[in-house]
Amino acid sequence: MTDTSLAARGVALDLLRDVLRKSVPFDDAFDAHPELAALQPRDRGFVRLLVATVLRRLGQIDEMIQASLAKPGLPKAAIHDMLRLGTAQLVFLNTPAHAAVDTAVELAAARNAAPYKGLINAVLRRIGREGAEMAARQDAGRLNTPDWLWLSWRSAYGTARTRGIVEAHLHEAPLDITVKSDPEGWAERLGATLLPTGSLRRPPGGSVIELPGFDEGEWWIQDLAASLPAKLFGDLRAKRVFDLCAAPGGKTAQLVVQGAQVTAIDRSARRLERVTENLKRLRLEAEVLAADAATWEPEEPADAVLLDAPCSATGAIRRHPDILRVKTPDDIAKLARAQSRLLARSVELVKPGGTLIYCTCSIQPEEGEAQVARLLEQDRRVERWPVTADELGGLSEPINEVGEVRSLPGMLADLGGIDGFFVARLRRRLD
């Protein structure tokens, strides 16, 4: 094994530890790792793919490891993680058996775990021989889903829909793109498929910054589901819009392109730096303000408000499989309380007759449908303004019975799927 290969796997081991035992979001751990910058781009890509695969397939991997041990009980955490990395390579990444096994054994030696080299060798060699057959017998979607999430989704959506959700999570999401103009032309230039909503879709992988039009600021990365809320305001030309909890800024860019005068607000100054950077690359202008939307006092209310509330992001597991490992039921309850405060405050920030759109990238009803139902019951100043399929390019599957958008992983499978998202459009009644 080369020094570079050893270093890459060492970084992967550290990242797995940070996510699984410290509950650090994968992207945060990845960006903060001190040795990552020294790796070549190809090795950084390998590290990301390897760790994401372990997180996505953790239930399957652990069952294979358990079945391949001579004695019951798992080894200590660091050794267990080395086995996880090796198993992911052998079964899901098509790494040659000798390479995956040898690198795992050398990693153990490099991390002061030489006494476990024999165990690692024996377990991974067995998985190399039997892993594909093991995987074929597994209930992959169920194994990789924590019990609390499986039960909550089954309660909300039924077994068949839940099956669709967890099966969708087994696959990396495609790359969706929002363009400033000329979607047909950019679809051709980018080798992308034009979706009914106007988004462009490419297969996952590859370097985004090397694609045509990136440096020129002609487009940005944004999932199909995430692009929907900003499309539902109608004509925004010369209207004042508050984009609350705006980072990383994809919806801010949409609103500006639609002609709005946008104030983008986020409580995190660090996250707002990314909004500013994205707007600069896209050659778009908006007021960017670090403030807590729950207490912020503007000089006057806006014509429209977009609240993309902080949430559990359980709708984005295809893109962020670490969510399966770092979120807990307590997180949902805490986030729901914050969402309720932000949503109530948003009503005050929109003019009578104006539009309020509330959205989250969560598929937990507590963070979506329940929030809006509670608001409508408690505040008679707002009413629901149902979304129609025509506004979604003819897509009717993600629209629920009351006219809210409720997309779920597993929907729109013929188009390549969609992230889970909730969107409610509300109108503040004229006083």
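In this text, all values refer to a predicted model and were calculated from it rather than measured experimentally.

### Some words on the packing of helix α6 (residues 97–110) against helix α7 (residues 117–137)
α7 packs onto α6 with a crossing angle of 160° between their chain directions and a minimal axis gap of 9 Å. Comparing their axes, α7 and α6 come out roughly antiparallel. With respect to the hand of their crossing, α6 and α7 are arranged in right-handed fashion. Touching Ala-100, Val-101, Asp-102, Ala-104, Val-105, Ala-108 and Ala-109 of α6 are Lys-117, Ile-120, Asn-121, Leu-124 and Arg-125, all from α7.

### Side note on the packing of aromatic side chains
Within the structure shown, the criterion is met by four aromatic pairs. With a centroid separation of 6.3 Å and 65° between ring planes, the pair formed by Tyr-358 and Phe-422 is classed as edge-to-face. Here Tyr-358 is found in strand β9 (residues 350–360), whereas its partner Phe-422 is found in strand β13 (residues 421–428), with 64 residues between them in sequence. A residue is classified by how much of its surface remains accessible, and Tyr-358, at 0% relative accessible area, is buried. Arg-425 extends its terminal NZ or CZ atom over the ring of Trp-385, reaching a point 3.9 Å from the ring centre. One cation-aromatic arrangement involves Arg-427 over Trp-385; the distance from NZ or CZ to the ring centre is 4.4 Å.

### Some words on the UniProt feature "binding site: S-adenosyl-L-methionine" (unreviewed entry) in the chain
UniProt tags Cys-245, Ala-246, Ala-247, Pro-248, Gly-249, Gly-250, Lys-251, Asp-266, Asp-292 and Asp-308 as "binding site: S-adenosyl-L-methionine" (unreviewed entry). As for its position among the elements, Gly-249 is in the loop between β5 (240–244) and α11 (250–257). Using a relative accessible area of 7% as the deciding quantity, one classes Gly-249 as buried. With respect to the element layout, Lys-251 can be found in helix α11. Here Lys-251 is in contact with Gln-222, Ala-226, Pro-229, Ala-230, Asp-243, Leu-306, Asp-308, Cys-359 and Phe-421, once residues within four sequence places are set aside.

### Topic: the sheet that holds strand β2 (residues 193–194)
The antiparallel open sheet is built from four strands, whose spatial order is β2-β3-β1-β4. Either end of the sheet is taken by a strand with one partner, and the two such strands are β2 and β4 (219–221). Together, β1 (175–179), β2, β3 (200–202) and β4 form the strand contacts of helix α10 (residues 183–190), whose direction differs from that of β3 by roughly 10°.

### Quick look at the pairing of β13
A regular strand places its side chains on the two faces of the sheet in alternate fashion. Burial runs high along β13: seven of the eight residues are buried. Pairing geometry for β9 and β13, over six bridges, is antiparallel. Across the sheet, residue Tyr-358 finds its bridge partner in β13, namely Ala-424. Strand direction decides the pairing type here: strand β10 (residues 382–384) and β13, joined by three bridges, are antiparallel. Within β13, the position partnered with Val-382 by the bridge is Arg-428. When strand β11 (residues 405–407) meets β13, the two strands line up antiparallel, connected through three bridges.

### Quick look at a positive patch on the surface
Together, Arg-267, Lys-334, Arg-337 and Arg-341 line one region of the surface with positive charge. With respect to the helices and strands, Arg-337 occurs in helix α14 (residues 329–349).

### Regarding the nonpolar core
One finds Trp-153, Phe-233, Leu-236, Leu-255, Leu-392 and Val-423 to be the most contacted residues of the largest nonpolar core, which totals 48 residues. Among the elements of the structure, α9 (147–168), α11, α12 (269–282), β8 (302–308), α13 (323–326), β9, β12 (409–412) and β13 are those that each provide at least two residues to this core. Ranked by residue count, the leading element in this core is α9, at six residues. Ignoring any residue separated from it by four or fewer positions in sequence, one finds Trp-153 in contact with Thr-145, Gly-158, Thr-162, Ile-165, Val-166, His-169, Thr-314, Ile-317, Ile-363 and Gln-364. Counting residues in each nonpolar core, the second largest holds 44 residues, with Leu-36, Val-47, Ala-135 and Val-326 among its members.

### Quick word on the environment of Asn-144
By the element assignment, Asn-144 lies in the loop between α8 (140–143) and α9. Along the chain, Asn-144 and Glu-167 lie 23 residues apart, while their C-alpha atoms are 9.6 Å from each other. Not counting the four nearest positions on each side in its chain, Asn-144 is found in contact with Arg-56, Arg-57, Leu-58, Gly-59, Gln-60, Leu-170, Leu-324 and Arg-325. A polar side-chain atom of Asn-144 sits 2.9 Å from the main-chain carbonyl oxygen of Ala-140.

Rules and cut-offs
Residues numbered from 1 in each chain as written. Predicted model: local features only at pLDDT ≥ 70, side-chain atom pairs only at ≥ 80, totals over all residues. Heavy atoms only, no water. Axes fitted to C-alpha atoms, helices over the stretch in contact; angles between N-to-C directions. Helix = DSSP H or I, 4+ residues; strand = E, 2+ residues; numbered from the N terminus. Parallel < 35°, antiparallel > 145°, perpendicular 65-115°, else oblique. Left-handed = near helix turned anticlockwise from the far one by under 90°. Contact = heavy atoms within 4.5 Å. Phe/Tyr/Trp six-rings, centres within 6.5 Å; stacked < 30°, edge-to-face > 60°. Buried < 20%, exposed > 50% of the residue type's maximum accessible area, 1.4 Å probe, protein only. Lys NZ or Arg CZ within 6 Å of the ring centre and 35° of its normal. UniProt positions renumbered as here; feature names shortened; annotations may be inferred. Pairing = 2+ DSSP bridges. Patch = residues over 30% accessible without salt bridge, like charges linked within 9 Å, V, L, I, M, F, W, Y side chains within 5 Å. Areas by Shrake-Rupley, 256 points an atom, 1.4 Å probe, with all protein chains shown as cover. Salt bridge = Lys/Arg side-chain N within 4 Å of Asp/Glu carboxyl O. Lys, Arg positive; Asp, Glu negative; His and termini not counted. Charge placed at Lys NZ, Arg CZ, Asp CG, Glu CD. Core = buried A, V, L, I, M, F, W, Y, C linked by side-chain atoms within 4.5 Å. Polar contact = N/O pair within 3.5 Å; in protein donor to acceptor, adjacent residues only side chain to side chain.

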